[in-house]
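Here are the chains, one letter per residue:
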Amino acid sequence: MAINWFPGHMAKTRREIKENLKLVDAVIEIRDARIVKSSANPDIEEICGGKPRIILLNKSDLSEKKVTNDWIKELTKENIKVLSVNCVSGEGIKNIKPVLDELLKEKHERYKNKGLVKFTDRVMVVGIPNVGKSSFINKMAKNNIAKTGDRPGVTKSKQWIKTKIGIELMDTPGVLWPKFEDEVVGLNLAFTGAIKDEIMDIETLALRLIERLQNDYPEQLKERYKLTELDENPLLNMENIGRKRGAVIARGEIDYNRVAIMLMDEFRGGKLGNISLERP
């Protein structure tokens, strides 16, 4: 699966992030807790330079808790702190302010030494499309300022958003790399809806997801679709799921498109349980 997908606005965003870094004190990078590696721009270290950074593992309610904790240990460094959050419910959001204060402790001390009591931290928010940036900003601002949507690429331009906790957020459009060299990365992004479904045939995508789940989460797949056993062939498992869900058309044939749409929706909605597609 060779996906060449690098719209001009994403190249522009990459340049803008580098240019705008001088305007902020820190960076908040949002990733998908289910695909922590795949949902990071591979050039993020180089793009952000030495800026203090908080990595938010969003949608942690959908991932396997132990795996998420392993990622937190793996990614935490002196200048990088990692938190698990749910940007829709707001779970974990309250931890951001104290962690940011810790990262910017020296800067705050300088301000206080100059007699400044009230000051605002300016933070850039980055992440790939559809990872939850707008939901995070709205939760922080407690207002639907940023546009939200379940389609990639809703945010189109830079905007500043004020909060009531001394943090000003700079929102940026989503960033993705020029080419998905690794098929697994491309599939992970497609599974979670980070790239448009139109890029890959949804029936093939669902088949590949079944293949992954029957290997890594067989019990959850069986339980959700009331399958007594799984076949080695993912296509047969897809057909059995279709029969269990009544996705049958004329002459007893399976409606693969209907099965695929249903499966992808249920996986993305967390109805198959807590699933982590990547581990440290």
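Residues numbered from 1 in each chain as written. Predicted model: local features only at pLDDT ≥ 70, side-chain atom pairs only at ≥ 80, totals over all residues. Heavy atoms only, no water.

Counting its secondary structure elements, the protein contains eleven helices and eight strands. Within the protein, the proportion of its 280 residues that are buried is 49%. Here the contacts in the protein between residues at least 6 apart in sequence split such that 67% fall between residues at least 24 apart. Here the protein displays about 14,100 Å² of accessible surface, and carbon together with sulfur accounts for 48% of that area. (Helix = DSSP H or I, 4+ residues; strand = E, 2+ residues; numbered from the N terminus. Buried < 20%, exposed > 50% of the residue type's maximum accessible area, 1.4 Å probe, protein only. Contact = heavy atoms within 4.5 Å. Areas by Shrake-Rupley, 256 points an atom, 1.4 Å probe, with all protein chains shown as cover.)

Next up on the list: helix α9 (residues 218-225). Leu221, Lys222 and Tyr225 are the residues of α9 that are buried. Around the axis of α9, the buried residues are gathered within 95° of arc, so they sit on the same side. In α9, the exposed positions that point more than 90 degrees away from the buried face belong to Glu219 and Glu223. Following α9 by one or two positions, Lys226 has its phi on the positive side, about 50°. (Arc of directions from axis to C-beta.)

Note: strands within a sheet are paired through backbone hydrogen bonds, in either parallel or antiparallel orientation. Pairing within the open sheet is mixed, and its six strands lie in the order β4-β3-β2-β5-β7-β6. Every interior strand has two partners, whereas the edge strands, β4 (80-84) and β6 (159-162), have only one. Strand after strand, the sheet turns through a mean of 25° between neighbouring axes, direction not considered. Pairing of β6 with strand β7 (residues 167-171), which is carried by four bridges, proceeds in the antiparallel orientation. Of the residues in β7, the one forming a bridge with Trp160 is Met170. Against the sheet, helix α3 (residues 65-75) contacts β2 (26-32), β3 (53-58) and β4, and its axis sits at roughly 170° relative to β4. (Pairing = 2+ DSSP bridges. Axes fitted to C-alpha atoms, helices over the stretch in contact; angles between N-to-C directions.)

When the terminal C-alpha atoms of helix α11 (residues 256-268) are compared, their 18 Å separation across 13 residues agrees well with the 18 Å that a helix rising 1.5 Å per residue should span. If you follow the buried residues of α11, they end up packed against α7 (183-191), α8 (202-216), α9 and α10 (234-244). Gly270, located one to two residues past α11, shows a positive phi value of around 80°. (Expected span 1.5 Å × (residues − 1).)

Turning next to the confidence of the model for the protein. On average, residues of the protein carry a pLDDT of 88, and 87% of them reach 70 or more. Contacts from residues 148-155, a stretch scored under 50 in pLDDT, to residues over four places away or in other chains number 21 contacts. (pLDDT = per-residue confidence, 0-100.)

What follows deals with the environment of Glu45. With respect to the helices, strands and loops of the structure, Glu45 is situated in helix α2 (residues 44-48). For Glu45, a relative accessible area of 40% translates into the label partly exposed. In contact with Glu45, not counting residues within four places along its chain, are Arg53, Lys77 and Ile80. At a separation of 2.9 Å, a polar atom in the side chain of Glu45 contacts the side chain of Arg53. (Polar contact = N/O pair within 3.5 Å; in protein donor to acceptor, adjacent residues only side chain to side chain.)

Right, let's get into the side chain of Lys222. Looking at the secondary structure, you find Lys222 in helix α9. A distance of 3.3 Å separates polar atoms of two side chains, one belonging to Lys222 and the other to Glu219. What Lys222 contacts, discounting residues up to four positions off in sequence, is Leu227, Thr228, Glu229 and Leu230.

Along β3, six of the six residues are buried, which leaves the element largely enclosed by surrounding structure. Taking every second residue as pointing to the same face, both faces of β3 are buried, with Arg53, Ile55 and Leu57 on one and Ile54, Leu56 and Asn58 on the other. For β3 and β4, the ladder comprises five bridges, and the chain directions are parallel. Its bridge partner lying in β4, Ile54 is registered against Lys81. Where the polypeptide runs from β3 across α3 and back to β4, its parallel neighbour, the crossover connection is right-handed. (Right-handed = clockwise from strand over helix to strand, strands pointing away.)

Bringing the environment of Ile55 into the picture now. Within the secondary structure, Ile55 is located in strand β3. Each C-alpha atom, one on Ile55 and one on Ser84, is 8.5 Å from the other, the two residues being 29 residues apart in sequence. Leave out the neighbours within four places in its chain, and Ile55 touches Glu29, Arg31, Leu75, Ile80, Lys81, Val82 and Leu83.

To continue, consider the packing of aromatic side chains. Applying the stated criterion to the full structure yields one aromatic pair. Taking the ring centre of Trp160 as reference, the NZ or CZ of Arg122 above it sits at 3.8 Å. (Phe/Tyr/Trp six-rings, centres within 6.5 Å; stacked < 30°, edge-to-face > 60°. Lys NZ or Arg CZ within 6 Å of the ring centre and 35° of its normal.)

A positive phi angle is found at Lys59, which is not glycine, with a value near 60°. Along the polypeptide, Lys59 turns up in the loop between β3 and α3.

Membership of the largest hydrophobic core comes to 57 residues, with the highest contact counts inside it found for Ile54, Leu56, Ile96, Phe136 and Leu169. Excluding its chain neighbours within four sequence positions, the residues that come into contact with Leu56 are Ile28, Glu29, Ile30, Arg31, Leu83, Val85, Ile96 and Phe136. (Core = buried A, V, L, I, M, F, W, Y, C linked by side-chain atoms within 4.5 Å.)

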